[in-house]
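Examination of the molecular architecture
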Amino acid sequence: MFEFDEAMTDLVMRHCRERLALNPVVLDFGGQAQALGDALRGLMRPEGNEAADVMELFVDKLATAVVSCDSPRFLSFIPAAPTKAALLFDMFVSCSSLHGTSWLEAAGVVVAENQALEVLAQTAGFPRGSGGCFVAGGSAGNLSALVVARDTAGHRRGKEGPARPLIAVSDDAHSSVGKALHVIGVEALVVPTEDHRLTGRALRNALDHHPRVDDVIGVVATAGTTNAGIVDDLSGVADVAQERALWFHIDGAYGGAALFAPSVRYKFIGFERADSFIVDPHKWLFAPFDCAALIYRQPNLAKAVHTQDASYLAVLHSENPEEWNPSDYAYHLTRRARGLPLWFSMAVNGLDAYRDAVEAGLAIARRGAALISETPHTELVRIPELSVVLFRRPGWEKPDYDAWSASLLSDQIGFVTPTTWEGETVARFAFLHPGTTEEMIKEILATMA
Ligand SMILES: *Cc1c(COP(=O)(O)O)cnc(C)c1O
């Protein structure tokens, strides 16, 4: 199994070519545990199977039970739209067993990943010298940043950090933020939002009324909530963070990509004042899974917190600041060179193409919102801020939305799942795929008549 197999290579490459050439990518379906279990029965056996048979099984039985998040009709959760260059280079990363753990082992990977991170840092307005690493997802990024917030609190205040620290979060923050705080043993100070936006005023008010205000060590703002695409009052939060020596982390997992879009750039004023931020290229920056960027204003703080000391690792850590170890900037050690597909695609396509593709997602969202308003039987819940559009079909309750969503998928018209907004079940479009057309939106809206 370690020898080059020409036939198996051709087989897999042929399937990759077919998939890359699909235009548009078909949606496909959900799965049934019974049927999927039956398809797999007996597969794991001492003597193995023909590669062609296993491939056929996967393509016919399993892949069809995966809703394609890169279909332009996938408008639920946060879709994906990886560039062809990024997908191809991801395959190359795999075939080359590239990893990006340390400078000693993988300097060529590290410089390329850091070049991509630098583009993101500069686009965010972060100063030279900021940096970090790519992690598996926004959840891992939030967790790793908040560990640094916790462990450097004492350093920030010139005294011991509190024994029972709190971090302020909005009640519209992503679930991964609450989970991360739970994992690291930090309590959440939940700040009520003003129209779903965390503001400096609300934060200051919550701090002033909190009996343990001195235990609050940080604040998390969201630049583009997942449910509605709302960007918090970043400058207001930055002011309060500065006044109170709080670590200011921005969760831009979804919306951070819009830093590339001149038409909405003004919403992100204050982003450049954070101590750390994340953005998921596997969402709106057109990279394959799993790719999240985690960037610190002062990476040396993260390094002091995250470096793993073990005797066999001592050789990795030199005193030369140019020798950057991505393993030192998050909770991980061995890591896939997951930033390289983004790096390759940015280098090949150019940064203007990224600006245009993000703007295209915003334009589709604006067009979608207009179509919803023009359609007699649908109603916009609010004007979209980024590319998430909430809307309702007056008269419908949750079971209506659920049944509609299921039939849209089974008819392969779209994958659109409902969400909850201020206690009401509503429909939600998350746009970002540049291939989503006005006709597709009209087709979906027509099914709600
Ligand atoms: C998607 C998302 C996350 C979680 O990112 P994963 O890559 O799924 O781990 C965190 N915050 C926000 C705002 C998100 O949209």
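Here the structure is a predicted model, which is why all the values come from computation and not from measurement. (Residues numbered from 1 in each chain as written. Predicted model: local features only at pLDDT ≥ 70, side-chain atom pairs only at ≥ 80, totals over all residues. Heavy atoms only, no water.)

Along the backbone of the protein chain there are 16 helices and 11 strands. What you see for the protein chain is a C-alpha radius of gyration of 23 Å, in line with the 22 Å of a compact globule of 449 residues. Its C-alpha atoms give the protein chain principal-axis dimensions of about 65 × 60 × 40 Å. Per-residue burial over the protein chain gives 52% buried out of 449 residues. Looking at the protein chain alone, contacts between residues at least 24 apart form 74% of all its contacts between residues at least 6 apart. Averaging the positions of the 38 positive and the 56 negative side-chain charges in the protein chain gives two centres separated by 4 Å. (Helix = DSSP H or I, 4+ residues; strand = E, 2+ residues; numbered from the N terminus. Rg over C-alpha atoms; globule rule 2.2 N^0.38 Å. Buried < 20%, exposed > 50% of the residue type's maximum accessible area, 1.4 Å probe, protein only. Contact = heavy atoms within 4.5 Å. Lys, Arg positive; Asp, Glu negative; His and termini not counted. Charge placed at Lys NZ, Arg CZ, Asp CG, Glu CD.)

What follows concerns helix α4 (residues 84-95). Taking 1.5 Å of rise per residue, 12 residues should cover 16 Å, and α4 covers 17 Å from first to last C-alpha, within 8% of that figure. Along α4, the positions that sit buried rather than exposed are A85, A86, F89, D90 and V93. Each buried residue of α4 sits inside an arc of 135 degrees when the element is viewed along its axis, so together they form one side. Check the buried side of α4 and you find it contacts α13 (340-349). Downstream of α4 by a residue or two, S97 has a phi angle that is positive, lying close to 50 degrees. (Expected span 1.5 Å × (residues − 1). Arc of directions from axis to C-beta.)

Glancing now at the nonpolar core. Formed by 66 residues in total, the largest nonpolar core has its most connected members in L120, V219, F248, F268, F271, W284 and L386. Residue contributions to this core reach at least three from each of two domains, namely domain 2 (92-349) and domain 3 (351-446). The residues contacting L386, other than those within four sequence positions of it, are G224, G229, V231, Y254, G255, A258, V264, K267, F268, W284, L362 and A365. (Core = buried A, V, L, I, M, F, W, Y, C linked by side-chain atoms within 4.5 Å. Domains from an automatic or database assignment.)

This brings us to the site of the ligand. As a structural note, the neighbourhood of the ligand is formed by 14 residues, with S139, T226, D251, D280 and K283 the closest of them. G138 is positioned with one of its backbone polar atoms (N or O) 2.7 Å from an oxygen atom of the ligand. At 2.6 Å, a side-chain N or O of D280 approaches an oxygen atom of the ligand. Coverage of the ligand by the protein amounts to 86% of the 380 Å² it exposes when considered alone. Only α6 (138-151) and α11 (281-284) provide two or more residues apiece to the shell around the ligand. With three residues, α6 is the largest single contributor of residues to the shell around the ligand. When its residues are assigned to classes, the shell around the ligand shows two nonpolar, nine polar and three charged. (Near = heavy atom within 4 Å. Polar contact = N/O pair within 3.5 Å; in protein donor to acceptor, adjacent residues only side chain to side chain. Areas by Shrake-Rupley, 256 points an atom, 1.4 Å probe, with all protein chains shown as cover. Nonpolar A, V, L, I, M, F, W, Y, C, P; charged D, E, K, R; others polar.)

Our focus in this paragraph is the packing of α6 against helix α12 (residues 299-306). One way to put it is that α6 packs onto α12 with a least axis distance of 9 Å and a crossing angle of 90 degrees. Classified by the angle their axes make, α6 and α12 are roughly perpendicular. For the pair α6 and α12, contact is made by S144, V147, V148 and D151 and by L301, A302, V305 and H306, respectively. (Axes fitted to C-alpha atoms, helices over the stretch in contact; angles between N-to-C directions. Parallel < 35°, antiparallel > 145°, perpendicular 65-115°, else oblique.)

Let us now look at the side chain of S71. Checked against the element boundaries, S71 lands in the loop between α3 (51-62) and α4. From its side chain, S71 meets the backbone oxygen of V25 in a polar contact 3.3 Å long. Separated by 3.0 Å, the side chain of S71 and the backbone nitrogen of R73 make a polar contact. Residue contacts for S71: discarding those within four places in its chain leaves V25, V26, L27 and H433.

Spatially, the seven strands line up as an open sheet ordered β1-β7-β6-β5-β4-β2-β3, and their pairing is mixed. Since the sheet does not close on itself, it has two edges, and those belong to β1 (131-135) and β3 (187-191), each with one partner. Adjacent strand axes in the sheet meet at a mean angle of 20 degrees, parallel and antiparallel pairs treated alike. With five bridges connecting them, β1 and strand β7 (residues 292-296) associate as antiparallel partners. Bridge pairing links G132 to I295 in β7. Most of the contacts of helix α5 (residues 103-123) go to β1, to which it runs at about 110 degrees, and overall it touches β1, β6 (276-279) and β7. (Pairing = 2+ DSSP bridges.)

As a further point, take unusual backbone geometry. Residue N23 is joined to P24 through a cis peptide bond whose omega torsion reads 0 degrees. For the peptide bond that leads from F289 to D290, omega is -5 degrees, which places it in the cis range. Position of D290 relative to the elements: it lies in the loop between α11 and β7. Its identity as a non-glycine residue notwithstanding, A245 has a phi of 55 degrees, on the positive side. As for its position among the elements, A245 is in the loop between α10 (234-244) and β5 (247-251).

Moving on, we get to the domain arrangement of the protein chain. Looking at the assigned domains, one finds that the protein chain contains domain 1 (6-68), domain 2 (92-349) and domain 3 (351-446). Of note, the centres of domain 1 and domain 2, computed from C-alpha atoms alone, are 36 Å apart.

Let us look at the confidence of the model for the protein chain. Interpreting fine coordinate detail is not advised for predicted regions of low pLDDT. Mean pLDDT over the protein chain: 97, with 100% of residues reaching 70 or higher. Mean pLDDT per element in the protein chain: helix α7 (residues 153-157) is the minimum at 92, and β6 is the maximum at 99. (pLDDT = per-residue confidence, 0-100.)

Two elements in contact, helix α1 (residues 6-21) and α4, have axes separated by 11 Å at closest approach and are oriented at 165 degrees. As far as their axial angle goes, α4 and α1 are roughly antiparallel. The handedness of the crossing between α1 and α4 is right-handed. In this structure, α1 contributes M13, C16 and L20 to the contact, and α4 contributes K84, L87, L88 and M91. Grouping the amino acids of the contact of α1 with α4 by side-chain chemistry returns six nonpolar, no polar and one charged. (Left-handed = near helix turned anticlockwise from the far one by under 90°.)

This part covers the packing of aromatic side chains. Pairs of aromatic rings are described using the distance from one ring centre to the other and the angle between the two planes. Inspection of every chain in the model, using the stated rule, returns 15 aromatic pairs. Relative to F415, the ring of F77 lies with its centre 6.1 Å away and its plane at 50 degrees, an arrangement referred to as tilted. A residue pair is termed long-range when its members are at least 10 positions apart, and F77 in the loop between α3 and α4 and F415 in the loop between α15 (398-410) and β10 (418-421) qualify at 338 residues. Assessed through its relative accessible area of 13%, F415 is described here as buried. Aromatic side chains F391 and F429 sit 4.6 Å apart centroid to centroid with 35 degrees between the ring planes, which places their arrangement in the tilted category. A residue pair is termed long-range when its members are at least 10 positions apart, and F391 in strand β9 (residues 388-392) and F429 in strand β11 (residues 424-430) qualify at 38 residues. In this pair, the class of F391 matches that of F429, namely buried. Residue placement shows R297 over the ring face of F126; its charged tip is 4.9 Å from the ring centre. (Phe/Tyr/Trp six-rings, centres within 6.5 Å; stacked < 30°, edge-to-face > 60°. Lys NZ or Arg CZ within 6 Å of the ring centre and 35° of its normal.)

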